[in-house]
Amino acid sequence: MTGIAQDEAKARQLGISYGMLKALPVYVRRYEEPQTRGGSISAQTEPRYCLNCGKPLKGRRRTYCDAVCSNRFRGRKYYTRKTSFR
């Protein structure tokens, strides 16, 4: 029995058409955030800091506080690696 035939049999058991079975709504479970005494906590509990200067970061996806820190960090990393192979 193919997958379509199985789905048709399942639809007949439920008393609906095959198209309605395939178009059933998808329910997404939402997980509740853990609650603390004062309220809810954010998904990220520990603060993140810039890899170059150590300032606290404001954005979720950021690794450096600004473009200058990013360039300095990558430049220092590149030149350290370049001089260590000599």
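Residues numbered from 1 in each chain as written. Predicted model: local features only at pLDDT ≥ 70, side-chain atom pairs only at ≥ 80, totals over all residues. Heavy atoms only, no water.

Just to check I follow, could you spell out the overall build of the protein for this structure?
Along its length, the protein carries 3 helices and 0 strands. The secondary structure elements of the protein, listed N-terminal to C-terminal, are α-α-α. For the protein, the residues scored as buried account for 9% of the 86 residues in total. The long-range fraction of contacts in the protein, counting pairs at least 24 apart against all pairs at least 6 apart in sequence, stands at 2%. By element, 53% of the accessible surface of the protein is carried by carbon and sulfur atoms, the whole surface being about 8,200 Å². (Helix = DSSP H or I, 4+ residues; strand = E, 2+ residues; numbered from the N terminus. Buried < 20%, exposed > 50% of the residue type's maximum accessible area, 1.4 Å probe, protein only. Contact = heavy atoms within 4.5 Å. Areas by Shrake-Rupley, 256 points an atom, 1.4 Å probe, with all protein chains shown as cover.)

What's the story with the packing of aromatic side chains in this structure? I'm lost.
For any pair of aromatic rings, geometry is given as the distance between the ring centres together with the angle between the planes. Tallying each qualifying case throughout the model produces 1 aromatic pair. Relative to Phe-73, the ring of Tyr-64 has its centre 5.5 Å away and its plane inclined at 50°; by these criteria the two rings are tilted. Tyr-64 sits in the buried class, given a relative accessible area of 18%. (Phe/Tyr/Trp six-rings, centres within 6.5 Å; stacked < 30°, edge-to-face > 60°.)

Help me understand helix α1 (residues 3-14) in this model?
Given 3.6 residues per helical turn, the α-helix brings residues three or four places apart onto the same face. An ideal rise of 1.5 Å per residue puts 16 Å on 12 residues; α1 measures up with 17 Å between its terminal C-alpha atoms. Positive backbone phi, approximately 80°, marks Gly-15, located one or two places after α1. (Expected span 1.5 Å × (residues − 1).)

Looking at this structure, I do not really get the environment of Glu-8. What am I missing?
Examined against the element boundaries, Glu-8 turns out to sit in helix α1. Here Glu-8 falls in the partly exposed class, since its relative accessible area comes to 33%. Taking the C-alpha atoms as reference points, Glu-8 and Leu-21, 13 residues apart in sequence, are found 8.5 Å from one another.

How should the nonpolar core be read in this particular structure?
The tendency in soluble globular proteins is for nonpolar side chains to be buried as a group. Counting residues in hydrophobic clusters, the biggest one holds 5 residues: Cys-50, Leu-57, Tyr-64, Cys-65 and Cys-69. When neighbours within four sequence positions are excluded, Cys-50 is seen to be in contact with Lys-55, Leu-57, Thr-63, Tyr-64, Cys-65 and Cys-69. (Core = buried A, V, L, I, M, F, W, Y, C linked by side-chain atoms within 4.5 Å.)

Would you take a moment to explain the confidence of the model for the protein for this structure?
Fine structural detail should not be taken from predicted coordinates in areas where pLDDT scores are low. Here the protein averages 77 in pLDDT, and 71% of its residues register 70 or above. Mean pLDDT values over the elements of the protein span from 82, in helix α3 (residues 67-84), up to 89, in α1. (pLDDT = per-residue confidence, 0-100.)

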